[in-house]
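Read off the chains here:
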Amino acid sequence: MSNHSGFGTRAIHAGQHPDETTGAIMTPIYQTSTYVQAAPGEIKGYDYSRTCNPTRTALDGNIAGLEGGKYGLSFSSGMSAINTILNLLQSGDHVIATNDMYGGTYRLCTTLYQKFGVSFSFLDLTDLDAVRAAIRPETKIMFVETPSNPLLRIYDLTALAEICREKDILSVCDNTFATPFNQNPLALGFEVVTHSTTKYLGGHSDVVGGAIVVDREDLRDRLHHFQNTVGGTPGPMDCFLVLRGTKTLHVRMQRHAENAAVIAADLEAHPKVTKVIYPGLESHPQHALAMRQMRTPGGMVSFEVDASVEDAMRLAASFEVFALAESLGGVESLVDHPVSMTHGAIPREERIKSGFQDGLIRLSVGLEDIDDLRADVAQALERLG
Ligand SMILES: *Cc1c(COP(=O)(O)O)cnc(C)c1O
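Here is a short report on the structure shown in this document. Treat the numbers as computed from the prediction; the structure is a model and nothing was measured.

Quick notes on the rules
Residues numbered from 1 in each chain as written. Predicted model: local features only at pLDDT ≥ 70, side-chain atom pairs only at ≥ 80, totals over all residues. Heavy atoms only, no water. Buried < 20%, exposed > 50% of the residue type's maximum accessible area, 1.4 Å probe, protein only. Helix = DSSP H or I, 4+ residues; strand = E, 2+ residues; numbered from the N terminus. Pairing = 2+ DSSP bridges. Axes fitted to C-alpha atoms, helices over the stretch in contact; angles between N-to-C directions. Contact = heavy atoms within 4.5 Å. Polar contact = N/O pair within 3.5 Å; in protein donor to acceptor, adjacent residues only side chain to side chain. Core = buried A, V, L, I, M, F, W, Y, C linked by side-chain atoms within 4.5 Å. Domains from an automatic or database assignment.

## Topic: the pairing of strand E9 (residues 300-305)
Argument step 1. Buried residues dominate E9, accounting for six of its six residues.
Argument step 2. In E9, alternate side chains face the same way, and those of Met300, Ser302 and Glu304 on one face and Val301, Phe303 and Val305 on the other are all buried.
Argument step 3. Two elements, strand E8 (residues 273-277) and E9, share four bridges in a ladder whose sense is antiparallel. Bridge pairing in E9 places Val276 opposite Phe303.
Argument step 4. The pairing of E9 with strand E12 (residues 360-364) spans five bridges and is classified as antiparallel. Looking across to E12, one finds that Glu304 is bridged to Leu360.

Rendered as structure tokens:
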């Protein structure tokens with residue numbers, strides 16, 4: 001499957017081959033830990049499933065195809081993929097990262113890698129001068145998430161990739177929120193793309209997984225070496241579930257974006273809503289950049305009401321179709337109150353400073369009928385005091 005094929009064709013066919021013995025169109029779930037050798041060391045590509053497994057190989061090729069990259073690596077979780085990228089660092093190295101990154105990644109950086117002598121600068125990456133000023137000789141990785149979470153800020157991947165190239169810094173993009181349907185960081189000059197496949201790629205809230213895609217063979221080899229050494233590898237059943245999800249990614253993402261645009265417009269017109277954050281709205285500060293960088297503005301919508309933490313928690317719990325839950329990207333619509341749920345670990349002062357208020361609500365707009373989603377948002381806001 002060529003990387004020049006259309007996105008939907010790649011989503012369905014990249015990395016996929018009919019099973020050699022039966023012709024089965026879906027790659028079987030190779031539920032095996034080891035492989036029989038014809039003679040010592042004489043293997044048919046597989047010797048042990050931590051290192052390699054045929055179901056995983058099919059998923060690796062599929063995700064590489066989605067990102068238009070050469071090499072895919074599948075992981076047991078998004079965190080395991082990100083940890084493997086950070087394994088490239090050495091004591092004394094420095095990392096520049098978004099100041100509103102996924103909380104788990106922040107925790108990994110601050111509780112683990114700092115302990116091993118890696119230092120981090122968490123910055124607002126929209127300020128390119130501040131980014132340049134933060135670069136030191138020992139800066140080795142720039143880690144970017146766009147859209148960010150939960151404020152859906154958009155960072156200019158082309159500009160950041162250029163800075164990284166100039167300064168010989170490895171550019172890494174966590175593309176979980178955008179998905180490869182909406183945005184391909186490798187094509188914009190980034191060297192490493194990572195995903196939590198738990199979210200949109202799996203898409204059905206039934207599996208936890210991660211992925212990395214790169215074009216450079218030396219990087220692929222180093223990352224695979226760390227993956228095999230540490231052992232963050234996914235089981236074949238999980239690989240199968242993610243593969244089953246990726247094949248409909250393009251269809252799902254279109255509807256996620258259609259539904260999200262309607263919900264964002266409704267929220268913007270609602271008298272109790274003080275702010276709506278959706279990259280597709282002209283009111284979004286980086287709307288033009290989002291439209292240039294992304295195929296659609298995606299399925300995540302955040303909004304603010306002027307409410308106390310307690311009232312915002314009550315609002316989040318009063319949705320009936322949107323389920324109150326962490327995570328995102330599944331077919332089911334989800335509602336999150338970041339302050340008391342996903343982002344509870346960030347001290348209040350710090351989050352207010354970075355622009356996120358007590359009354360912030362984050363929606364993962366799912367694939368239910370739009371009229372039911374609209375009615376649900378309306379009834380929940382109606383009950384807000
Ligand atoms: C969920 C998420 C992760 C972590 O992935 P897991 O699969 O939960 O380990 C990393 N980055 C982003 C942006 C996420 O949303």
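## Things to note about the sheet that holds strand E5 (residues 170-174)
Argument step 1. If you trace the seven strands from one edge of the open sheet to the other, you get E1-E7-E6-E5-E4-E2-E3, paired in mixed fashion. Across the chains shown, the open sheet's two edge strands, defined by having one partner strand only, are strand E1 (71-75) and strand E3 (119-123). Strand after strand, the sheet turns through a mean of 20 degrees between neighbouring axes, direction not considered.
Argument step 2. The pairing of E1 with strand E7 (residues 210-214) spans five bridges and is classified as antiparallel. Note on E7: the bridge partner recorded for Ser74 is Ala211.
Argument step 3. Contacting E3 and strand E4 (139-145), helix H4 (residues 103-113) crosses the sheet at an angle of about 150 degrees to E3.
Argument step 4. Across the sheet, helix H8 (residues 217-230) lies against E1, E5, strand E6 (192-196) and E7, angled at about 15 degrees from E1, the strand it touches most.

## Things to note about the side chain of His284
Argument step 1. Tracing the sequence through the fold places His284 in the loop between E8 and helix H11 (287-293).
Argument step 2. Relative accessible area serves as the criterion here: at 5%, His284 is assigned to the buried category.
Argument step 3. Within the structure, the side chain of His284 is placed 2.7 Å from the backbone oxygen of Leu152, a separation counted as a polar contact.

## Structural notes on the sheet that holds E8
Pairing between sheet strands relies on hydrogen bonds along the backbone, with the strands arranged either parallel or antiparallel.
Argument step 1. On the basis of which strands lie adjacent, the open sheet formed by five strands has the order E8-E9-E12-E11-E10 and mixed pairing. Unpaired on one side and paired on the other, E8 and strand E10 (323-324) mark the two borders of the sheet.
Argument step 2. Relative to E12, strand E11 (residues 334-336) runs antiparallel, the two being bridged by three bridges. Each residue of the ladder has a partner; that of Leu334, found in E12, is Ser364.

## Quick look at the nonpolar core
Argument step 1. Counting residues in hydrophobic clusters, the biggest one holds 31 residues, and the most contacted among them are Phe7, Leu59, Ile63, Leu66, Tyr200, Leu249 and Met300.
Argument step 2. Those elements that place two or more of their residues in this core are helix H1 (7-13), helix H2 (54-67), E7, helix H9 (236-246) and helix H10 (249-268).
Argument step 3. At five residues, the largest contribution of residues to this core is made by H2.
Argument step 4. Formed jointly, this core draws a minimum of three residues from each of two domains, domain 1 (7-246) and domain 2 (249-383).
Argument step 5. Non-local contacts of Leu249, meaning those with residues more than four positions away in its chain, are made with Phe7, Leu66, Thr179, Pro180, Phe181, Tyr200 and Leu201.
Argument step 6. Leu267, Leu281, Val335 and Leu381 belong to the second largest nonpolar core, which has 26 residues in total.

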